[in-house]
Amino acid sequence: MTVIFKKTKGLTDKPLTYCPGCTHGIIHRLVAEVLEELNVLDRSILIASVGCSVMSYDFFNCDSIQAAHGRAPAVATGVKRVRPDSIVFTYQGDGDLASIGTGEIVQAAHRGENITVIFVNNAIYGMTGGQMAPTTLPGQITTTSPYGRDVKTQGEPIKVSELMATIPGTYYVERVMTADPVSVRKAKTAIKKAFQNQVDGKGFSMVEVLSSCNIGWGLNPVDSLKYIKEDMASYFPLGVYKDKGKI
Amino acid sequence: MKGRVIFNEDTCKGCGLCVNACPMKILALDLTRVNKIGYTPAHCFDMDKCIACTNCALMCPDSCITVERLDV
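Residues numbered from 1 in each chain as written. Chains lettered and ligands numbered in written order. Predicted model: local features only at pLDDT ≥ 70, side-chain atom pairs only at ≥ 80, totals over all residues. Heavy atoms only, no water.

Would you mind showing me how to read the overall build of chain A here?
Within chain A, the secondary structure is distributed over 9 helices and 8 strands. Referenced to the eigenvectors of the C-alpha coordinate spread, the extents of chain A come out at roughly 50 × 50 × 35 Å. When each of the 247 residues of chain A is scored for burial, the buried share is 57%. Contacts spanning at least 24 positions in sequence make up 68% of the contacts within chain A whose residues lie at least 6 apart. (Helix = DSSP H or I, 4+ residues; strand = E, 2+ residues; numbered from the N terminus. Buried < 20%, exposed > 50% of the residue type's maximum accessible area, 1.4 Å probe, protein only. Contact = heavy atoms within 4.5 Å.)

Below is the structure:
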């Protein structure tokens, strides 16, 4: 027997604090596997965000800093500038990156900082109990939009990848999802490319991962994967939005 | 038998994503047992049919699954 899949060394033995079926765990594993495969685990620095992923510094087997809400790209900028040989990445949710931290991420991208941003979009504020986020889909029911998000009064969801692709300083922007084994494999390819860009000194890379929040959405884990595939992916189209390496 | 899946049952949260991902439909939640963190862990009830595709391990959010392939 040959072992063809086992838990990566990039994750610690600490049990994840996420709800059962939360795809945060899958994205954690993908990032950790990529760090291990690129052999940069010992020089990686995670900038953790605020949200469900606030405890992620406990789970990644690398050095980490817990940034204030939304400020992870600003902290990452500082860390990368004083330690240019380190692989610096932020792991942010949509409440962190697309709401309170919109200013920081846009400015960091304009400066073209050589960092990697993993943006987990689950269309809801998961940690605080399922409130409406800037990325909540039109008509989606949350605890603060009990009749569904009304775009006339609450606006349209922010399409972060499209926004970031228009910024001249970004090098690579892709949106992927974690709805089935095929899309998880594609997500890993995208994350690996984002980290490889940083290793090669190319510049700002961001991967947006459509994730689930089965508790916040009021669905079971399997149905929430269907929701990603059918509802979220139709509003947030998947694909490479920018790759300066291919121009 | 082409492969074998090994579950770390103590960290399984019984979400059922592996059960959903298995193309051979040989995984299930064991509703007769409760693990030490209070969930009903997933298990394989027909290991002979395992094709070692690693789909279950790819979808496991808690990295509980190790997959082995039989050497030919």
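That shown, we press on.
Just checking my understanding: could you explain the packing of aromatic side chains for this structure?
Given two aromatic rings, one states the distance between the centres and the angle between the planes to describe the pair. Residue and element names in this part refer to chain A. One pass over the full model with this rule turns up 6 aromatic pairs over all chains. Here the aromatic rings of Trp-217 and Tyr-227 are separated by 4.7 Å at their centres, their planes lie at 55°, and the arrangement is tilted. In this pair, Trp-217 sits in helix H8 (residues 214–217) while Tyr-227 sits in helix H9 (residues 221–235), placing the two residues 10 residues apart along the sequence. Considered together, Trp-217 and Tyr-227 belong to a single accessibility category, that of buried residues. Aromatic rings pair up to connect Phe-60, Phe-89, Tyr-91 and Phe-195 into one cluster. (Phe/Tyr/Trp six-rings, centres within 6.5 Å; stacked < 30°, edge-to-face > 60°.)

What am I meant to see in the packing of helix H1 (residues 24–37) of chain A against helix H7 (residues 181–199) of chain A here?
When two helices pack together, you describe them by how their axes are tilted relative to each other and by the distance separating the axes. Residue and element names in this part refer to chain A. At their nearest, the axes of H1 and H7 sit 9 Å apart, and the two run at 45° to each other. Judged on the interaxial angle alone, H7 and H1 are oblique. The handedness of the crossing between H1 and H7 is right-handed. Taking contact as the criterion, the partners of Ile-26, Arg-29, Leu-30, Val-31, Glu-33, Val-34, Leu-35 and Glu-37 in H1 are, on H7, Val-184, Ala-187, Lys-188, Ile-191, Lys-192 and Phe-195. Looking at the contact of H1 with H7 residue by residue, the class counts come to 9 nonpolar, no polar and 5 charged. (Axes fitted to C-alpha atoms, helices over the stretch in contact; angles between N-to-C directions. Parallel < 35°, antiparallel > 145°, perpendicular 65-115°, else oblique. Left-handed = near helix turned anticlockwise from the far one by under 90°. Nonpolar A, V, L, I, M, F, W, Y, C, P; charged D, E, K, R; others polar.)

What is the right way to look at H1(A) in this model?
One turn of an α-helix holds 3.6 residues; hence residues three or four places apart share an orientation. Residue and element names in this part refer to chain A. Between its terminal C-alpha atoms H1 stretches 20 Å, which fits the 20 Å expected from 14 residues at 1.5 Å a residue. In terms of residue burial, H1 counts as a mostly covered element, since 12 of its 14 residues are buried. Along H1, the residues classified as buried are His-24, Gly-25, Ile-26, Ile-27, His-28, Arg-29, Leu-30, Val-31, Ala-32, Glu-33, Val-34 and Leu-35. In the stretch just after H1, Asn-39 is the one whose phi turns positive, near 60°. (Expected span 1.5 Å × (residues − 1).)

Honestly, the nonpolar core in this entry has me stumped. Any pointers?
One broad trend across soluble globular proteins is that nonpolar side chains are buried collectively. Residues A:Val31, A:Ile118, A:Phe195, A:Met232, B:Val5 and B:Ile65 are the most contacted members of the largest nonpolar core, which totals 69 residues. Setting aside chain neighbours within four positions, we find A:Ile118 in contact with A:Ile27, A:Val31, A:Thr90, A:Tyr91, A:Gln92, A:Ile191, A:Phe195, A:Val207 and A:Val209. (Core = buried A, V, L, I, M, F, W, Y, C linked by side-chain atoms within 4.5 Å.)

Please clarify how the sheet that holds strand E4 (residues 65–69) of chain B should be interpreted in this entry.
Consider a sheet: its strands pair through backbone hydrogen bonds, and that pairing is either parallel or antiparallel. Read from one edge to the other, the open sheet built from 3 strands follows the order E1(A)-E4(B)-E1(B), with strand pairing classed as antiparallel. Each having just a single partner strand, strand E1 (2–5) of chain A together with strand E1 (3–7) of chain B make up the two edges of the open sheet. Neighbouring strand axes in the sheet, compared pairwise and without regard to direction, differ in orientation by 35° on average. (Pairing = 2+ DSSP bridges.)

In this structure, what is going on with the pairing of strand E5 (residues 116–121) of chain A? I would like to understand it.
If a strand is regular, its side chains alternate between the two faces of the sheet. Residues and elements named next belong to chain A. Summarising burial for E5: 6 of the 6 residues are buried, a large majority. Side chains Thr-116, Ile-118 and Val-120 project from E5 onto one buried face, and the interleaved Val-117, Phe-119 and Asn-121 project onto a second face that is buried too. In this sheet, E5 lies alongside strand E4 (residues 87–93) in parallel orientation, the contact comprising 5 bridges. Counted as the bridge partner of Gln-92 is Phe-119 from E5. Here E5 pairs with strand E7 (residues 204–210) via 6 bridges, running parallel.

I would appreciate a short explanation of the interface of chain A and chain B in the present structure.
By a widespread convention, an interface's size corresponds to the accessible area lost as its parts come together. Listed by partner, the interface residues are 27 residues for chain A and 27 residues for chain B. At the boundary of chain A and chain B, one finds 0 salt bridges. There are 12 residue pairs in polar contact (both at pLDDT 80 or more) connecting chain A and chain B. Contributing elements (two or more residues each) for the side of chain A that touches chain B: E1, H1, H7 and H9 of chain A. The dominant element in the side of chain A that touches chain B, judged by the number of residues it contributes, is E1(A), at 4 residues. By residue class, the composition of the side of chain A that touches chain B is 17 nonpolar, 5 polar and 5 charged. Relative to E4(B), E1(A) runs antiparallel, the two being bridged by 3 bridges. (Salt bridge = Lys/Arg side-chain N within 4 Å of Asp/Glu carboxyl O. Polar contact = N/O pair within 3.5 Å; in protein donor to acceptor, adjacent residues only side chain to side chain.)

No statement about biological role is implied by the geometric values presented.
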